Amino acid sequence: MLRIPKENNIIVMSRENAPAARAKSGDTVIFETADAFGGQITSEADVFSSIGWDRVNPATGPLYIEGAEPGDCLKVDILDIKAGGKAAMVMSPGFGILEASAEKSFVFDIKEGKVFFDGSITIDIEPMIGVIGTAPAGGGVATGTPGPHGGNMDCKQIIKGAALYLPVNVPGALLSMGDLHAVMGDGEVAVCGAEMAGEVTVRVTVLKGVKAPLPVLISKNRVMTVASAPTLDEAAKTAAVNMRELLIGAGMDGEKANLLMSLVGDLRICQVVDPLMTARMEFNLDILKAYGVCVFRNGSDTR
Ligand code: CA
Ligand code: CA
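Residues numbered from 1 in each chain as written. Chains lettered and ligands numbered in written order. Predicted model: local features only at pLDDT ≥ 70, side-chain atom pairs only at ≥ 80, totals over all residues. Heavy atoms only, no water.

Trainee: Could you give an account of the coordination of the calcium ion (ligand 2), with specific residues and numbers?
Mentor: For the calcium ion (ligand 2), every protein donor is listed as Asp-179 (OD), Asp-179 (OD), His-181 (NE2), Glu-195 (OE) and Glu-195 (OE), and the spread of their distances is 2.2 to 3.1 Å. Each donor residue of the calcium ion (ligand 2) belongs to the same chain, with the gaps between them written as D-x1-H-x13-E. The metal-metal distance between the calcium ion (ligand 2) and the calcium ion (ligand 1) is 3.3 Å, with Asp-179 coordinating both. Judged by relative accessible area, His-181 falls into the buried class, the value being 0%. (Donors = N, O, S within 2.8 Å, 3.2 Å for Na, K, Ca; no water. Buried < 20%, exposed > 50% of the residue type's maximum accessible area, 1.4 Å probe, protein only.)

Trainee: Describe the coordination of the calcium ion (ligand 1), and please don't skip the residues or the numbers.
Mentor: Those donors, Asn-152 (OD1), Asp-154 (OD), Asp-154 (OD) and Asp-179 (OD), are the protein atoms that reach the calcium ion (ligand 1), and they lie 2.2 to 2.4 Å from it. We note that the donor set of the calcium ion (ligand 1) lies within a single chain, spaced as N-x1-D-x24-D.

Trainee: Explain helix 1 (residues 232–250) residue by residue, including any values.
Mentor: The terminal C-alpha atoms of helix 1 lie 27 Å apart, and with 19 residues this matches the ideal 27 Å at 1.5 Å per residue to within 8%. Turning to helix 1, its buried residues are Ala-235, Ala-236, Ala-239, Asn-242, Met-243, Leu-246, Leu-247 and Ala-250. Buried residues of helix 1, seen end-on, are gathered within an arc of 135° and therefore sit on one face of the element. Turned more than 90 degrees away from the buried face of helix 1, the exposed residues are Asp-233 and Lys-237. In this structure, the buried side of helix 1 is in contact with strand 20 (216–219), strand 21 (222–229), helix 2 (254–264), strand 22 (266–271), strand 23 (277–284) and helix 3 (285–290). Immediately beyond the C-terminal end of helix 1, within one or two residues, lies Gly-251, with a positive phi of roughly 115°. (Helix = DSSP H or I, 4+ residues; strand = E, 2+ residues; numbered from the N terminus. Expected span 1.5 Å × (residues − 1). Arc of directions from axis to C-beta. Contact = heavy atoms within 4.5 Å.)

Trainee: Could you give me a rundown of the nonpolar core, with the residues and numbers involved?
Mentor: Core analysis: the biggest nonpolar cluster contains 43 residues, and Leu-63, Ile-78, Ile-132 and Leu-175 have the highest contact counts within it. Residues Leu-214, Val-216, Val-223 and Met-243 belong to the second largest nonpolar core, which totals 28 residues. (Core = buried A, V, L, I, M, F, W, Y, C linked by side-chain atoms within 4.5 Å.)

Trainee: Which residues make up the pattern of salt bridges, and what values go with them?
Mentor: Should the charged atoms of two oppositely charged side chains come close, the side chains can pair. The full count for this structure, using the stated rule, is 17 salt bridges. Note that Lys-6 is salt-bridged to Glu-7, the shortest N-O span being 3.7 Å. Between Lys-82 and Asp-80 there is a salt bridge; the shortest N-O distance is 3.5 Å. Owing to a relative accessible area of 43%, Lys-82 belongs among the partly exposed residues under this scheme. When salt bridges with common partners are traced through the structure, they connect Asp-186, Arg-222, Asp-266, Arg-268, Arg-280 and Glu-282 into a single cluster. (Salt bridge = Lys/Arg side-chain N within 4 Å of Asp/Glu carboxyl O.)

Trainee: Mind laying out the packing of aromatic side chains, listing which residues take part and the relevant values?
Mentor: Scanning the entire structure with this criterion turns up 4 aromatic pairs. Ring centres of Tyr-165 and Phe-296 lie 4.4 Å apart, and the angle between their planes is 45°; this geometry places the pair in the tilted category. Here Tyr-165 is found in strand 16 (residues 163–167), whereas its partner Phe-296 is found in the segment after helix 3, with 131 residues between them in sequence. Both residues of the pair, Tyr-165 and Phe-296, belong to the buried class. Between Arg-22 and the ring centre of Tyr-64, over which it is positioned, the NZ or CZ distance is 4.2 Å. (Phe/Tyr/Trp six-rings, centres within 6.5 Å; stacked < 30°, edge-to-face > 60°. Lys NZ or Arg CZ within 6 Å of the ring centre and 35° of its normal.)

Trainee: Can you tell me about the side chain of Thr-201, naming the residues and giving the values?
Mentor: Counting through the fold element by element, Thr-201 comes out in strand 19 (residues 198–207). Its relative accessible area of 11% is what places Thr-201 among the buried residues. Filtering out sequence-adjacent residues up to four positions away, Thr-201 remains in contact with Met-1, Thr-28, Val-29, Ile-30, Asp-77, Ile-78, Leu-79 and Asp-80.

Pasting the structure below:
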């Protein structure tokens, strides 16, 4: 199986990046990923300000997928996420939306499926991918920033078993990913999750003729539109408007889409700490099934 070592990483998602590896549509690929600090926080003595900024938020890749052309959609099935043995967190004045009086780092053990937070608390892990995206349409975008190409969305539903649909903006798509979190709450309010190294196994599939407001995520029997913007208000509105467009594109009646999104849809925060804010609108897949429609008309959401 194709494996991309973590040493093959980028800090800007760009059409200019040389591919680290090549795959065909339908291939399974393993991405080994460093943590968001580039592995530089190994103890409480390693503080964030001492880290080289050129090594923050590395994303492994990019992977060139043969046959992917601008205007296509890249389906990324998250088959597995293997957690590393340690998780790191940092706090610093001005980071996140909470007060922090001093710069500090924290390192936790991950074992038996739990983060050992302190002597009182362990937290069950739910490994997720913070940064995952294709090369953007225009100029390069730092891996720390989210956008229509994906990137640093910090959406805690990008987990094992999920399918992420990303736009193909450049030939080969140039998929990269990193910034795994052992666990993270919606918002990521203190600036980071339980940052860990690990490896992600994905299947990449090129879809032709998908007309949808991407990125779209299918996770836990829900379909989600993910949107990023300078303010949370804008991100939230775009996520909701995109879901309505997606549902109508799938064949649902527009008025029923409005009503049902208001009844059983959930508008949620992904993160509020990156250069753009990210929100997601969630909607039950069972409702689409009840109407006999698929998220994507070519049936690629059948899972
Ligand atoms: Ca992140
Ligand atoms: Ca992170």
